[in-house]
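# Notes for the structure review
So the chains spell out like this:
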Amino acid sequence: MGVYDGLNRLAGWVDCRVTGAEPAAFLNGCAGERVPVLGAAAEGEYALRVRLRARDSRRAARLARRTQCTLEILSGGGTPALLRFLRRRGLAAAGLGLILLLLAWSRLFIWEIGVTGNERVDTGRILDALRECGISCGSFWPGITSDNLRSRLLTELPELAWATVNVYGSRAEVIVRERVPKPDIWYEKDPVDVVAAKTGFVTEVRTLCGTARVGPGSAVTEGETLISCHADSLWGGPRLVHATGTVRAETWYVLRAAVPLSKGVKQYTGRESSRWALLIGKQRYNFYLNSSISGGMCDRISKVWHLRLGGVFSLPVALVRETEREYAVAETPRDQNLARRELEELLLARLQAALGPEAEIRDVRCFAAVSDGLLSVKLHARCSEDIGVERPGGEQPLQ
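Turning our eyes to something else, we now look at the overall build of the protein chain. On a plain count of helices and strands, the protein chain comes out with eight helices and 22 strands. Considering only intrachain contacts with a sequence separation of at least 6, the fraction spanning at least 24 residues in the protein chain is 68%. For the protein chain, the computed accessible surface area is about 25,500 Å², with 54% contributed by carbon and sulfur atoms.

Here we come to unusual backbone geometry. Backbone geometry places Arg34, a non-glycine residue, at a positive phi of 60°. If you trace the backbone, Arg34 turns up in the loop between helix H2 (23–32) and strand E2 (37–42). Its relative accessible area of 74% is what places Arg34 among the exposed residues. Positive phi, normally seen in glycine, also occurs at Asp372, with a value near 55°. By secondary structure assignment, the location of Asp372 is in the loop between strand E20 (360–371) and strand E21 (374–386).

Let us now look at helix H6 (residues 123–132). Restricting attention to buried positions, one finds in H6 the residues Ile126, Ala129 and Leu130. The arc that holds the buried residues of H6, viewed along the axis, is 100°, so those residues lie on one side. Contacts from the buried residues of H6 go to strand E5 (112–116), helix H7 (146–156) and strand E7 (171–178). Gly134 sits one or two residues past H6 and shows a positive phi near 100°.

Note: strands within a sheet are paired through backbone hydrogen bonds, in either parallel or antiparallel orientation. Read from one edge to the other, the open sheet built from three strands follows the order E5-E7-E6, with strand pairing classed as mixed. The strands lining the two open edges of the sheet, one partner per strand, are E5 and strand E6 (160–168). Strand-to-strand twist across the sheet, computed as the mean angle between neighbouring axes with direction ignored, equals 20°. Direction of pairing for E6 relative to E7: antiparallel, over a ladder of eight bridges. Following the sheet pairing, Leu160 is matched in E7 by Glu178. H6 rests against E5 and E7 of the sheet, and its axis sits at about 130° to E5.

Turning next to the pattern of salt bridges. Using the criterion set out here, one finds 22 salt bridges in the structure. Salt-bridge contacts for Glu72 lead to Arg17; the nearest nitrogen and oxygen are separated by 3.6 Å. With Glu72 in strand E4 (residues 69–77) and Arg17 in strand E1 (residues 13–20), this residue pair connects regions lying 55 residues apart in the sequence. With a relative accessible area of 42%, Glu72 lands in the partly exposed category. One connected set of salt bridges, linked through shared partners, spans Arg17, Glu43, Arg49 and Glu72.

With that settled, the discussion passes to the pairing of strand E17 (residues 283–286). As paired elements, strand E16 (residues 262–280) and E17 share four bridges and run antiparallel to each other. Each bridged residue has a counterpart across the sheet, and for Ile280 the counterpart in E17 is Gln283. Remark: two residues form the turn of the hairpin made by E16 and E17, two consecutive strands paired antiparallel; Gly281 in that turn has positive phi of roughly 65°.

As a further point, take the pairing of E2. For a regular strand, the rule is simple: side chains alternate between the two faces of the sheet. Relative to strand E3 (residues 47–53), E2 is paired through five bridges, and the arrangement is antiparallel. The residue bridging Ala40 from the neighbouring strand is Val50, located in E3. In this structure, the hairpin formed by E2 and E3 is closed by a connection of four residues, where Gly44 is found at a positive phi of approximately 100°.

Right, let's talk about the packing of aromatic side chains for a bit. Considering all chains together, one arrives at two aromatic pairs under this definition. When the centroid spacing of 6.1 Å and the interplanar angle of 70° are considered together, the rings of Tyr268 and Tyr327 count as edge-to-face. Placement of the pair is Tyr268 in strand E16 and Tyr327 in strand E19 (residues 313–333), with a sequence separation of 59 residues. The class of Tyr268 is partly exposed, set by a relative accessible area of 38%. In this structure Tyr327 comes out as buried when scored by relative accessible area, which is 15%. For the ring pair Trp276 and Trp305, a centre distance of 6.0 Å and an interplane angle of 15° mean the geometry is stacked. Of this pair, Trp276 sits in strand E16 while Trp305 sits in strand E18 (residues 298–309), placing them 29 residues apart in sequence. Its relative accessible area of 36% is what places Trp305 among the partly exposed residues. The aromatic ring of Trp13 is capped on one face by Arg51, whose charged end is 3.9 Å from the ring centroid. For Lys266, the ring lying beneath its charged end belongs to Tyr327, and the centroid distance is 4.8 Å.

Next up on the list: the packing of H2 against helix H3 (residues 57–66). Two elements in contact, H2 and H3, have axes whose closest approach is 9 Å; the angle formed by their N-to-C orientations is 130°. Here H2 lies oblique to H3, going by the angle between them. Of the two elements, H2 crosses H3, and the hand of that crossing is right-handed. Facing Phe26, Gly29 and Cys30 of H2, the residues of H3 in contact are Ala60, Leu63 and Ala64. When grouped by side-chain class, the residues that make up the contact of H2 with H3 number five nonpolar, one polar and no charged.

Mapped onto the fold, Glu178 is located in strand E7. Judged by relative accessible area, which is 15%, Glu178 ranks as buried. A distance of 2.7 Å separates the side chain of Glu178 from the backbone nitrogen of Arg120, its partner in a polar contact. Here Val121 takes part through its backbone nitrogen, which lies 2.9 Å from a polar atom of the side chain of Glu178. Every residue in contact with Glu178, bar those within four places of it in the chain, is listed here: Gly117, Asn118, Glu119, Arg120, Val121, Glu159, Leu160 and Ala161.

What counts, and where the lines are drawn
Residues numbered from 1 in each chain as written. Predicted model: local features only at pLDDT ≥ 70, side-chain atom pairs only at ≥ 80, totals over all residues. Heavy atoms only, no water. Helix = DSSP H or I, 4+ residues; strand = E, 2+ residues; numbered from the N terminus. Contact = heavy atoms within 4.5 Å. Areas by Shrake-Rupley, 256 points an atom, 1.4 Å probe, with all protein chains shown as cover. Buried < 20%, exposed > 50% of the residue type's maximum accessible area, 1.4 Å probe, protein only. Arc of directions from axis to C-beta. Pairing = 2+ DSSP bridges. Axes fitted to C-alpha atoms, helices over the stretch in contact; angles between N-to-C directions. Salt bridge = Lys/Arg side-chain N within 4 Å of Asp/Glu carboxyl O. Phe/Tyr/Trp six-rings, centres within 6.5 Å; stacked < 30°, edge-to-face > 60°. Lys NZ or Arg CZ within 6 Å of the ring centre and 35° of its normal. Parallel < 35°, antiparallel > 145°, perpendicular 65-115°, else oblique. Left-handed = near helix turned anticlockwise from the far one by under 90°. Nonpolar A, V, L, I, M, F, W, Y, C, P; charged D, E, K, R; others polar. Polar contact = N/O pair within 3.5 Å; in protein donor to acceptor, adjacent residues only side chain to side chain.

Next up, the structure:
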């Protein structure tokens, strides 16, 4: 729709039917008198439907009589028609004005809060911290100061490095950035030992700095020193260094998991019930008399319809529908072969999570047994991995 057409619609328009022996003469008369015709369509041989501006309807009626035609106004629209409708219905006009006033007033309050940018920090904790800072549903956002809010929010949640709150109408968007954990930093001249993180059988030792305490073929336990920070010196006694190197060893893992031989399966009875409720701000109004606590086992599905306009404007009104589907639990036997494969996959995933990025799995064996209604699976694995980790040293002298 062009600008000119939009202005004509705003000023008001009427749809008319022109009937006569020569309806085309009416159009020629409108052109001669400079009466704009917004649209025209033929309705038979002796009838014509035209759209005119509301202020030109009287001139058009005189032109129709001059051309031996009859002009009949069918409908109209635009601002003048709306004003006439409101004048005839004062209550409707007052209600419309009240609604517009409430809409304008509600935009000054926050009715919806969204949180983005968080991965490790739970959204619930951020919303609780915002509530402690004075921001929740129903808060008056013109009184919020971003600098003070940011400082208080970072004080409440030290895991955050940066935070800001943007308000769009009645919706607040909280954008956060989480703090990167500080890694363990060792000063290069501090004495550090390389100790065993796991029990194993040493197969390879590569020492870059320090003195190796073990060699290939040695059996070590967790916490035992592998590469000492005490190094020999050509000009005197032992000196303290930052020991570095890799110690690969064969390690063994034994993991267990069990699952019942039967499982409960939901069987829906076909009985369903629905409840409706209305949320206005922080208040909930239930449209049912009984309690929301169900007597039997059932699935509850809640659906909420918020009164909003896109992602910007939101009103504190929502309609809630809760549907309950009743079910009974029936015990059915479990497929043992399928259950065993699932347990083996689970144990293998746990094993891979316990190993380092450069570890190798040399051998894996699984054993299954059934007892007391349980299917048990035991995993034995032999792996090769680097078991050395750095720990502060220098307390014990070199023997």
